[in-house]
Structure formats: C-alpha cells, structure tokens
Amino acid sequence: MTSSRIALVTGANQGLGRALVEGLAARLNPADVVLLTGRNAGRVAEAAQEVASAPGTRARVEGRVLDVSDTEAVGALATELHDRHGGVDMVISNAIAPLLPDRSQAAQADEFITVSNTATHAVLRSFGAVLRPGGRLIVVASTLGTLGHLDPRLHPLFDGATLDGVEQTVESWRRSVLDGTAQQEGWPRWLNVPSKVAQVAAVRAVAATRRDHDLATGTLVASVCPGMIDTRASRPWFSDYSHAQTPAQAAGPVLDLILTDHVDSSAYGELIRFGKILPWHDGTPPTEQDRLLVP
C-alpha cells in the first residue's frame, strides 16, 4: 500500500491522451505515478520515456501496454493496481478507434464500437470498483453525447438506463448497423453520434448508483467534452477549424476539473465542457457529417 496518487490514462500514446499524461505528470507530485497506456508496446515505451524525461515533469511516468478492447486485460490491470497500491485515484478513459468518412460505416463499426463503448463499459466497471475515496473517474466524450442528437424514438433506450441496459442497447445497435437495419430503426448513419450518447449514458448510469457515497467522499464520476481538437483523425469530419485547439490546449480544462479539490454536486455524473454542464436532453441531430459518408 502507498499514499502516492495513482493516475491512469487510456489511449495515451498521442493526441489528447498524451497531452493529459503530460499535464498530470507536470502537476502531480514526485511521489505520484502516472500510467501512460496504449496497445502498441513500442509506442507506449517511447511516449512514456519522452514524457518522463521532459522538462517540467514532476511525477513518475510509467508505460503500460493495455488493449482496452480486451475486457479481461482491463479487469486484470484494475486488480493489479488495487493489490499493489490499494486502488487508483484518477482514471481517464480516452481510447478511440479511427473513423473515416470515405469507408463504409458498417465496415468500421465493430472496431469503433468495441473501443469507444465496450471498452468504456469495462473501464467504468473495473476501475470504478477500485477507485479510492476522493478519486476521479472520467470518460472523454463529446458534445454529440447529449440525447437530443438522436431521433426521439431512441431516447428511452438511454434516458435513465442502467449500465447493463446501455450495454444491451449498444449491442443491439451494433447488430443493426452490421445487418443494414439501423436507419430503419432511427439510428443516424454516423457512428460517432450513438457512440458518444452511449458513453455519456454509461457514465450517468454508473454515477446514479454511487452518487451519495461519492459526494460524501469528494469523488467525481463524469464525462467531459474537450472541445474541437485539430488532429489528423478529426479533420475529415468538419469544414470549419477556426476554433480548433491543440491537444495541450484541450487538455487544460479537463485537468482543471480532475485536479480541483472541490467536487460540484451539480456536475457529478454530467457531461462537462470547459467547466460548464451540457444538459443531457439538449442537442439536435447533426447533418454536415452525413453528407460526407459513403454508403
């Protein structure tokens, strides 16, 4: 057991994940440990070494290979950190799979949904169980994660759902995408929309089961939208990048939320963007991206 704080970031080799690791390593204490995780051993080792040796790094940075699509591996790492450190203090679920407009959405569905949603559920379950009092369990999502971005017919599937219910809906949606019936059921063509709504719904489901205890111990469970980030993966999807941020800029408000000593009860379980709550029922179905999609 140790009194050091343990932080873990998934999908941390590059982009926002890498920036979050860098920010945590600069703002935590020398006795604290930041785990930079990803599924490619070489990239993980290289990124961890670069962050560890960077000017301004204070905390200890360690690279750990973690394929978040392997739910057993996620559970095993959570158990290991519980046995070794008594749990974890900060977990940021940030892993994503690439999604391109010039490939069929159905052809990309399995990997994208597994990494974005199945993995998120595993992180919430496994690391929620070992989160120490006063900890932070954060899922990086998007403004697309509010319910209004979906057809109203689909709202009851997510509104007030349990985590098991969200998982069942995600798997039903996955099957409908693969068998070609998704649009008939009201699902948008762009996979990113249902995926993000499901991520936020999963966070809300977990938060609902532990709210009173967490607020009493200063623990925060929430989803965050980091805003538009200028990356190779996001550029194909948007026509206006005048307000896009660098990964380091986008990481700042997320780190501020995680590292604040005060937990705002009104923000608990919610989707937060730049320190403000995005109402769960807001949003309208996006149309720009649908025009980019190939059949």
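None of these values were measured; they are calculated from a predicted model. (Residues numbered from 1 in each chain as written. Predicted model: local features only at pLDDT ≥ 70, side-chain atom pairs only at ≥ 80, totals over all residues. Heavy atoms only, no water.)

**Student:** Just checking my understanding: could you explain the overall build of the protein for this structure?
**Tutor:** Broken down by element type, the protein carries 8 helices and 8 strands. Taken over the C-alpha trace, the protein has a radius of gyration of 18 Å; the compact-globule value for 295 residues is 19 Å, and the two agree within 12%. In terms of overall dimensions, the protein has a C-alpha envelope of 55 × 40 × 35 Å along the principal axes. Of all 295 residues assigned to the protein, the portion counted as buried reaches 51%. Within the protein, counting contacts between residues at least 6 apart in sequence, those at least 24 apart form 79% of the total. Accessible surface, the protein: about 13,000 Å² in total, of which carbon and sulfur atoms supply 51%. In the protein, which carries 26 positive and 32 negative side-chain charges, the distance between the mean positions of the two groups comes to 3 Å. (Helix = DSSP H or I, 4+ residues; strand = E, 2+ residues; numbered from the N terminus. Rg over C-alpha atoms; globule rule 2.2 N^0.38 Å. Buried < 20%, exposed > 50% of the residue type's maximum accessible area, 1.4 Å probe, protein only. Contact = heavy atoms within 4.5 Å. Areas by Shrake-Rupley, 256 points an atom, 1.4 Å probe, with all protein chains shown as cover. Lys, Arg positive; Asp, Glu negative; His and termini not counted. Charge placed at Lys NZ, Arg CZ, Asp CG, Glu CD.)

**Student:** Quick question: what am I supposed to make of the pairing of strand E5 (residues 131-140) here?
**Tutor:** As a general feature of sheets, a regular strand has side chains that alternate between the two faces. E5 sits mainly inside the fold: 8 of its 10 residues count as buried. Note: strand E4 (residues 88-93) against E5, 5 bridges, orientation parallel. From the neighbouring strand, Val91 faces E5, where its bridge partner is Leu137. Tracing the backbone out of E4, into helix H4 (residues 105-128) and back to the parallel element E5 gives a crossover that is right-handed. Summarising the sheet, E5 and strand E6 (residues 220-225) pair through 5 bridges and their orientation is parallel. (Pairing = 2+ DSSP bridges. Right-handed = clockwise from strand over helix to strand, strands pointing away.)

**Student:** I would appreciate a short explanation of the pattern of salt bridges in the present structure.
**Tutor:** Between side chains of opposite charge, pairing is possible as soon as their charged atoms come close. For the structure on display, the rule yields 16 salt bridges. Close ionic contact of Arg18 with Glu22 constitutes a salt bridge, the shortest N to O distance being 3.0 Å. Note that Arg18 and Glu22 are positioned in helix H1 (residues 15-27) at a spacing of 4 residues, about one turn of the helix. Its salt-bridge partner being Arg18, residue Glu50 comes within 2.7 Å of it at the nearest N-O pair. Of this pair, Glu50 sits in helix H2 (residues 41-52) while Arg18 is found in helix H1, placing the two residues 32 residues apart along the sequence. (Salt bridge = Lys/Arg side-chain N within 4 Å of Asp/Glu carboxyl O.)

**Student:** Could you clarify how one ought to interpret the packing of aromatic side chains in this entry?
**Tutor:** Given two aromatic rings, one states the distance between the centres and the angle between the planes to describe the pair. A full pass over the atoms with the stated rule returns 2 aromatic pairs. With 6.2 Å between their ring centres and 80 degrees between their planes, Phe158 and Trp187 make a pair best called edge-to-face. Taken together, the residues Phe158 in helix H5 (residues 155-158) and Trp187 in the loop between helix H6 (163-179) and helix H7 (192-217) connect sequence positions 29 residues apart. The buried category is assigned to Phe158, whose relative accessible area is 3%. Residue classification places Trp187 among the buried residues on the basis of a relative accessible area of 5%. Where Trp173 meets Trp187, the ring centres are 5.8 Å apart and the plane angle is 35 degrees; that geometry is what we call tilted. In this pair, Trp173 is assigned in helix H6 and Trp187 in the loop between H6 and H7, connecting sequence segments 14 residues apart. For the pair Trp173 and Trp187, a shared accessibility class is recorded, and that class is buried. Of the aromatic side chains, those joined through ring pairs into one cluster are Phe158, Trp173 and Trp187. (Phe/Tyr/Trp six-rings, centres within 6.5 Å; stacked < 30°, edge-to-face > 60°.)

**Student:** How do you make sense of the sheet that holds strand E7 (residues 271-273) when you look at a structure like this?
**Tutor:** In any sheet, the strands associate via hydrogen bonds between backbone groups, in a parallel or an antiparallel arrangement. Strand order in the open sheet made by the 8 strands is E3-E2-E1-E4-E5-E6-E7-E8, with mixed pairing throughout. The open sheet has two free edges, formed respectively by strand E3 (60-65) and strand E8 (276-278), since each of these has just one partner strand. Taking the axes of each pair of neighbouring strands and ignoring which way they run, one obtains an average angle of 25 degrees across the sheet. Strands strand E2 (33-38) and E3 of the sheet are contacted by H2, whose axis makes an angle of about 175 degrees with E3. Sheet contacts for H7: E5, E6 and E7; angle to E6, the most-contacted strand, approximately 145 degrees. (Axes fitted to C-alpha atoms, helices over the stretch in contact; angles between N-to-C directions.)

**Student:** Would you mind showing me how to read the nonpolar core here?
**Tutor:** Core analysis: the largest hydrophobic core is formed by 95 residues, its most contacted members being Leu20, Val21, Leu24, Val88, Phe127, Phe158 and Val166. Ranked by the residues each element gives to this core, the list is headed by H7, at 10 residues. Look past the residues within four positions of Phe127 in its chain and what remains in contact with it is Leu8, Val74, Leu77, Ala78, Leu81, Val88, Val91 and Ala122. (Core = buried A, V, L, I, M, F, W, Y, C linked by side-chain atoms within 4.5 Å.)

**Student:** Looking at this structure, I do not really get H1. What am I missing?
**Tutor:** Spacing of three or four residues puts side chains on the same side of an α-helix, whose turn is 3.6 residues. Given a rise of 1.5 Å per residue, 13 residues ought to cover 18 Å, and the 19 Å separating the end C-alpha atoms of H1 matches this to within 8%. Regarding H1, the residues found buried are Leu16, Gly17, Arg18, Ala19, Leu20, Val21, Gly23, Leu24 and Ala25. (Expected span 1.5 Å × (residues − 1).)

**Student:** Before we go on, may I ask you to explain the pairing of E3 in this structure?
**Tutor:** Note that E2 and E3 share 6 bridges and pair parallel. Counterpart to Gly38 in the pairing with E3 is Val65. Once the chain exits E2 it traverses H2 before rejoining the sheet at E3, and the crossover so formed is right-handed.

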